[in-house]
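One-letter residues, chain by chain:
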Amino acid sequence: MSAGDLSIPEDQRGRQAVVSLGGYVHQLVATMRAWQRLGAGEALLLEVAEDYAVLASDALQMTQVKRESSGTSLTLRRADARKAILSLWQFRAANPDHDVRLHFLTTAPIGKEASTAFPEGATGIGWWARAAQGADVEPLRAFLLTLKWPDGLAVFLATASADALRDGLLRRISWLTGADQTRTLLDTIGSELRERAVGQGLLASDGERALPLLALRVLETVLAEDRRLTGRDFEAAWEKATTLPIALSIARQMLAGSGGEGTQHNSGPWHAVTFGQSRGLGPALLARALGAADALQCPRLPEAADLERELDTGYSARLAGMPGAGKSVCALQAARGYADRGFRILRLTDPRCAAIPLSTDGVPTLHLIDDAHLASSAALTLAEQSCGPDSLLLSTFTSVDTGGTSSGMIHLDAKRAVRVIADDLRSRRTETMAEVSKVDDSIGDRPGEENIDWRIDAAAASDFPWQFCFVLSAGWRRVRSIVASAREVQADILLGAIAIRQIASRDARTARSDLDPYLDAAGIEVAAADKAIAWLVKQRLVLGDHDLRCPHQRFSAEVFDPILREQDERGRGRIAAMIGHALADPAMPLAGLGSLLSQFRTTRSGYNWTWLIGRERLEPFLARCWSATEPTDIAAAMHALREIDAYAKDYFKRPTRDQIATVARWFSAPAPGAAYAVGNFINGTYRNTRLGRAIVRASDPEATAAALNAAMASPSADFASEIVHMVYQSFGGLTPEWTERFLAGIDRKKAIAFAAAWPASSHLYRAAWFCAGLIYLDKEFGYDVTAAMAPAMAGPLRENPVEAFAQLEDIFWGGLKVYEPFGRSRGKRGATTCSLSIAAKICDAWEPKRLAEQLSGVTLREFERAGILLHVLRRCLPAAYQETVAALDWDRLDAAIGADWKAPSHDAVAFLCQCYESKLGRAAVAQLVEKHVDEIGQMGSRLAFIAPSASYRQIERGAPIALAGQWSIGAAVLADFHKHRRALVPALIGNHPRLMAEALSK
């Protein structure tokens, strides 16, 4: 501080109490913030239990506030940290009926303990958090016992069990470092006071002026005998700070000058509503404002008929619902019925008018008032009372509370509206897919495209029609423009906070208060947050101010990359801080946190942001992973740890004995829903084979086999298959000794009987896991199990052959080896007489003519599987294959390929090639290709080979044939041309010699 011309003696500078005063001011401000956020039934105690404490009926939450100015780091050796630990211990002993906890709130960073090393290089504070979540408490216990404590606490530290130490101490103290500085806290308090003032019809400056008066009330309480403040005290102090005493004479003069009734809105004119040309579903899918004709494009809501009945009998009707429930659309749908009867449709431009005069020109008219909750209640009632058979009034209300008891009120059921819309669009599948594909080109029936049926099903889970449209149109694909708009109004970081919590909580409902810890972690002011939330609600990027979730988790997963790419270091740090908070929140499910890390790691642009999440922020999450006990938590832990190297490089370079033992224990005693994840984790150790082998060696094969034997019953069939698949996935770590002991422990008779009675309720892919896994471990035993299960597979294979066959792929490919796309399993490694016999037994479920009818109805997406099915059938039952191909409906197959003839897909061509293996199919395939040859742009060599006449025409009309890529087939095509159309060879070859030279050069 500048002292002007005053000279300060050096000896006197040390007496200046600036640092001490700064600390007291920081404590005062932090206390005010706590008072401001006090909940119902809570009391704030000042300098009673630590700096301040929140007392509830059975809980005491103490807070120690530290403002650091010397740059000293927080360690457990520090005197104030040790005093905080002792304080917690003593207050617990003195108040056994209260749940006592302590927050140590400091602006200091975390430091390392001198001369003490915690596991994995963690700090003492960091290991405290990990031990509280389930990590080994012994390193922390050993350190704490080196410090001096009163006898009772010392004995507790030395003798308490690990769980008792966690419950009695570690989980009761939160070390909150890097907390808000004084200025930031003041800004936050001021912002909330300004917002509160505006919300009560005051000026924002009135809220600012209240701040020092509130601070004075805190200081007065500190000096009082009863140092207690409540929420009611805050309201009283606020009222006193924002109220001025005024003489009655002055008040009367002010009221007389105001005009008494206040300013009135001018009457808004009515304007005509016409039902013109429809624009399709596009505007609704893109959340555009819908016109009258657009409303008719939407499926008719049942409430529209209810409105018509009310209007026919009572001449007026009211429709109410939540924002975005579809009220305006429903009202327009009802209005269309009256337009068809010859009524004129008029809509009020501004509902806030003082009077609502209905038309009196004698023309039958239906009057519409949107947002009628903004209208004068008296004016609306008078208008309804003047209605008659030729002058109807239909009004909509944004809230079901406004006018909710009025006669004629109809409440719009948003969830039912969603169901109606979904059912209607499903019934118009082709039309719906065409409309949706205009805004989302990933929708379609081709391989790699998203099925429109799946998208409609996902959208049908929505709460509101607008949310349904957002999901149906893949609103997440517009994320970059949405984030750019959010950034313009400074709402992008808040959007990131909402996305983080939505993913971490596994799409749990989010109230405004749920976001507060995230905003605190990021240092976002309350006023700024509320402003951003209001914008997000208005833009329908969250479900509403009552539920702050994005319309779909896929959108939340996409927001991180566009937010981070345009943020500076501070903004990126805010996102990282909020993710760090989520990772440290024990209320968040492990599966949600694992999904958060996975989604944050994966970006559409390919950029990696994992470096923002340091090891310290991961520690609480990792501690929970290693201490998981519930199957869902074990599964989440294994999935997350499999990819943890993306965040903590070389995390498993030197795995600890405890880590190996933990996974081995989960492997030895598998749990339903977790076994797959354990096997998947071990499968991922191909990057560290020693780790996988160490886990398997440390496990108990007899215990794993016993778990399998116990699971081999109809109710637990899925679990039995999961265990076998877990072992199969771990092939890289299996040893001959372990495998031998595991197989010796399996009850083989029970396994075969279990397979023969495989329950129909279990998905077929589970059956494939069970059979293929056992074939890998013991071929003959696996064959016996698969043969026994064949009759159980017959029903699904008959009902839906393509889908059932796809689920059984592991059996036909990896197990029986009757399908080998890469040609690696041949000779001794290929199919055997026995495996072919078993495959034939499975395929015998198909009746050729019925199978042909079913295959004739395949979609573009199903051609590949249908072709593989025919390949397997040809190998196992040649006669059934010939009969099936002979009975195919080629017109239906032609229609399925449809517009794709201009560039036939790999899958469609592969299917035709499988049909070509039949003599009858050969002629049909050639005829089909010849029919469309003039549509084909570039003909592939496989298509040219199976339809030689069409290939000649292709060259004669000047269109190319691609010989490259599949040179062996291309060579056969070239030989055929040389033999039958030698004059066309130069045109066929074209520029292929250059392409061949380039390929050979590489």
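Anything mentioned here points back to the structure above.
We now turn to the structure provided with this report. Note that the coordinates shown come from a computational prediction; the quantities given were computed from them, not determined experimentally.

### A closer look at the nonpolar core
Inside soluble globular proteins, nonpolar side chains tend to come together where they are buried.
Here's step 1: Residues F555, F600, F770 and W890 are the most contacted members of the largest nonpolar core, which totals 239 residues.
Here's step 2: It is helix α39 (residues 779-799) that provides the largest number of residues to this core, a total of ten residues.
Here's step 3: Apart from the residues within four sequence positions on either side, W890 is in contact with V885, L912, C915, G921, A924, V925 and L928.
Here's step 4: Judged by nonpolar contacts, the second largest core, of 38 residues, contains A53, L76, A81 and I125.

### Some thoughts on the sheet that holds strand β1 (residues 43-46)
Here's step 1: The sheet built from six strands is open, its strands ordered β5-β4-β3-β2-β1-β6 with mixed pairing. Only two strands of the sheet have a single neighbouring strand rather than two, namely β5 (173-176) and β6 (228-230). Neighbour-to-neighbour, the strand axes of this sheet turn through a mean angle of 20°, independent of strand direction.
Here's step 2: In this sheet, β6 lies alongside β1 in antiparallel orientation, the contact comprising three bridges. Each bridged residue has a counterpart across the sheet, and for L45 the counterpart in β6 is R228.

### Overview of the packing of helix α31 (residues 657-668) against helix α33 (residues 689-698)
Here's step 1: As a packed pair, α31 and α33 sit with axes 8 Å apart at the nearest point and diverge in direction by 60°. Of the possible angle classes, the one that applies to α31 and α33 is oblique. α33 is crossed by α31, and the crossing has right-handed handedness. Contact residues: I660, V663 and A664 in α31; L691, A694, I695 and A698 in α33.
Here's step 2: Residues that form the contact of α31 with α33 fall into these classes: seven nonpolar, no polar and no charged.

### Considerations on the side chain of Q333
Here's step 1: With respect to the helices and strands, Q333 occurs in helix α15 (residues 327-340).
Here's step 2: The buried category is assigned to Q333, whose relative accessible area is 2%.
Here's step 3: With near-sequence residues (within four places) excluded, Q333 lies in contact with A295, L296, C298, P299, R300, L301, A304 and E308.

### Description of the pairing of strand β11 (residues 391-397)
Here's step 1: The buried count for β11 comes to seven of seven residues, which makes it a mostly enclosed element.
Here's step 2: Across the two faces of β11 the burial is the same, with S391, L393, S395 and F397 and L392, L394 and T396 all buried.
Here's step 3: Judged from the five bridges that link them, strand β8 (residues 316-320) and β11 form a sheet pairing that is parallel. In the sheet register, R318 faces β11, and the bridge partner there is S395.
Here's step 4: As paired strands, strand β10 (residues 365-369) and β11 are joined by five bridges and run parallel to one another.

Quick notes on the rules
Residues numbered from 1 in each chain as written. Predicted model: local features only at pLDDT ≥ 70, side-chain atom pairs only at ≥ 80, totals over all residues. Heavy atoms only, no water. Core = buried A, V, L, I, M, F, W, Y, C linked by side-chain atoms within 4.5 Å. Buried < 20%, exposed > 50% of the residue type's maximum accessible area, 1.4 Å probe, protein only. Helix = DSSP H or I, 4+ residues; strand = E, 2+ residues; numbered from the N terminus. Contact = heavy atoms within 4.5 Å. Pairing = 2+ DSSP bridges. Axes fitted to C-alpha atoms, helices over the stretch in contact; angles between N-to-C directions. Parallel < 35°, antiparallel > 145°, perpendicular 65-115°, else oblique. Left-handed = near helix turned anticlockwise from the far one by under 90°. Nonpolar A, V, L, I, M, F, W, Y, C, P; charged D, E, K, R; others polar.

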